[in-house]
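# Per-entry structural report
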Amino acid sequence: MLINRRSLCAAALAAAVSLTTTTASVAQAGATPEAAADRVLRVYNNNIENLVRNNADGSCTRVSGPAHLTSMLVDDNGATGTSGVRAPDLLIVQQVRGTGQATAYADQLSAKFGYPAGTYRAIVAWDDPEPWGSTHKCSQQDLGDLKKKQTNGILYNTRTLSLATGDVSKYWSAGWLKPGTSYGGGAGCTLYKPPSNDAGTTNAHKWKRTSAIAAKFTIKETGTTVFAATMHLPEQNGANACAGAGDKGIGGSGIHLGADATSLMNSSTIRVVGIDANRANIASTTLGGFGMTGYGAKATSGSRKIDYLFVKGAVQPSSVDHTVSGTKSNHLALYGFIAF
């Protein structure tokens, strides 16, 4: 099930029949509100790289949705593949191809836990983003082609979470320093979208991979509100932090929240932000002004930590530092189990 940026209001207001990946509603599919016996909200963040991994030798490997999910989802001890792995409530993802891939991935997640298709639904920033780039560093062009469409999304479990009318934000753009522009403490930064996007035709639509989106959910069992956002910042953010015109972002990180997202966040009790920031050394206190703390200090992409999970809530301790070492992606997944 998918809600996309161009039909946010319609998707949020639509009847259950239009919100499922089939013509049946969740009730018709047999899903009922699930009591969270342990009162824990299970949240993950990962750049899934279109489910295509780049290898050191220049080749690429396609990863199935079920294999990726098995490699990422953990039990209370941080171990994958055990009988103690519970169904997640929120999966914050970067780099999916759009509606088709997000729907398939959501249905694979439903099937993994024995739920009918449509139990997990997805929100994406762009329904079907235009392709960009050439090989995407894959020696096999067919696999490189699978990485040409990129957007960001949030998957949620309808057994535990509801999404109310109007509680999906408009997308907002990342900031960047356009190549060839001088930089000085935010000076030179612009929003990464036309007319300040990549020159030429090959990467003309690359900016869409950095469009962010957020939503406010409600835990069915308790009525607790939950804010979630997904962001993917440009590679240029690594050297020069940019969040918009003349703005280097919160704490010089390149991070900023859109106006709609900020409104949803301010009215939520639990807050979760997942980011591929393409920038190292972002402090865990960066979003402290919003009551959030960063979890996980290990490297997430090679030797660098560039992926972040910020949470406002009672996060349970993790013996693996909230970082899943065996994730089948070029980015390691982060997770937080939040008591409510």
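Read on for a plain summary of the structure.

Rules behind the numbers
Residues numbered from 1 in each chain as written. Predicted model: local features only at pLDDT ≥ 70, side-chain atom pairs only at ≥ 80, totals over all residues. Heavy atoms only, no water. Phe/Tyr/Trp six-rings, centres within 6.5 Å; stacked < 30°, edge-to-face > 60°. Helix = DSSP H or I, 4+ residues; strand = E, 2+ residues; numbered from the N terminus. Buried < 20%, exposed > 50% of the residue type's maximum accessible area, 1.4 Å probe, protein only. Expected span 1.5 Å × (residues − 1). Core = buried A, V, L, I, M, F, W, Y, C linked by side-chain atoms within 4.5 Å. Contact = heavy atoms within 4.5 Å. Pairing = 2+ DSSP bridges. Right-handed = clockwise from strand over helix to strand, strands pointing away. Axes fitted to C-alpha atoms, helices over the stretch in contact; angles between N-to-C directions.

### Some details on the packing of aromatic side chains
Each pair of aromatic rings is reported with the distance of its centres and the angle of its planes. In this structure the tally under the stated criterion is eight aromatic pairs. For the ring pair Trp-126 and Trp-207, a centre distance of 5.8 Å and an interplane angle of 85° mean the geometry is edge-to-face. One end of the pair, Trp-126, is in the loop between strand E6 (120-124) and helix H5 (141-145); the other, Trp-207, is in the loop between strand E10 (190-191) and strand E11 (213-219), with 81 residues separating them in the sequence. Residue classification places Trp-126 among the buried positions, given a relative accessible area of 4%.

### Regarding helix H4 (residues 99-112)
For H4, built from 14 residues, the straight-helix expectation of 20 Å at 1.5 Å per residue is met to within 8% by its first-to-last C-alpha distance of 20 Å. Just beyond H4, the residue with positive phi is Gly-114, at close to 75°.

### Focus: the nonpolar core
By size, the foremost hydrophobic cluster in this structure holds 30 residues, and its most contacted members are Leu-41, Leu-90, Ile-123, Phe-217, Ile-270, Val-272 and Ile-338. Here the element with the most residues in this core is E11; it accounts for four residues. Once you skip the residues sitting within four places of it in the chain, Ile-338 turns out to touch Arg-39, Val-40, Leu-41, Val-43, Ile-270, Val-272, Val-311, Gly-313, Ala-314 and Val-315. Membership of the second largest hydrophobic core comes to 26 residues, among which are Tyr-105, Tyr-115, Val-124 and Ala-333.

### Brief notes about the pairing of strand E12 (residues 225-232)
E12 sits mainly inside the fold: eight of its eight residues count as buried. Side-chain alternation along E12 places Thr-225, Phe-227, Ala-229 and Met-231 on one buried face and Val-226, Ala-228, Thr-230 and His-232 on a second face that is also buried. Direction of pairing for E11 relative to E12: antiparallel, over a ladder of six bridges. Residue pairing in the sheet places Ala-215 in a bridge with Ala-228 of E12. Turn length for the E11-E12 hairpin, with the two strands adjacent in sequence and antiparallel, is five residues, and the turn residue Gly-223 shows positive phi of about 80°. Note that E12 and strand E13 (residues 270-276) share seven bridges and pair parallel. Across the sheet, Ala-228 pairs through a bridge with Val-272, a residue of E13. Crossover connection from E12 via helix H6 (residues 259-266) to parallel E13: handedness right-handed.

### Topic: the pairing of E11
Most of E11 is tucked away, with six of its seven residues classed as buried. As defined by bridge partners, strand E8 (residues 161-168) adjoins E11 across four bridges and the pair is classed as antiparallel. The partner of Ser-162 across the bridge, within E11, is Thr-218.

### A short note on the sheet that holds E13
Pairing in this open sheet of six strands is mixed, and the strands run E8-E11-E12-E13-E15-E14 from one edge to the other. With partners counted over all chains shown, the strands left at the sheet margins are E8 and strand E14 (293-294), one partner each. Contacting E8, E11, E12 and E13, H6 crosses the sheet at an angle of about 20° to E11.

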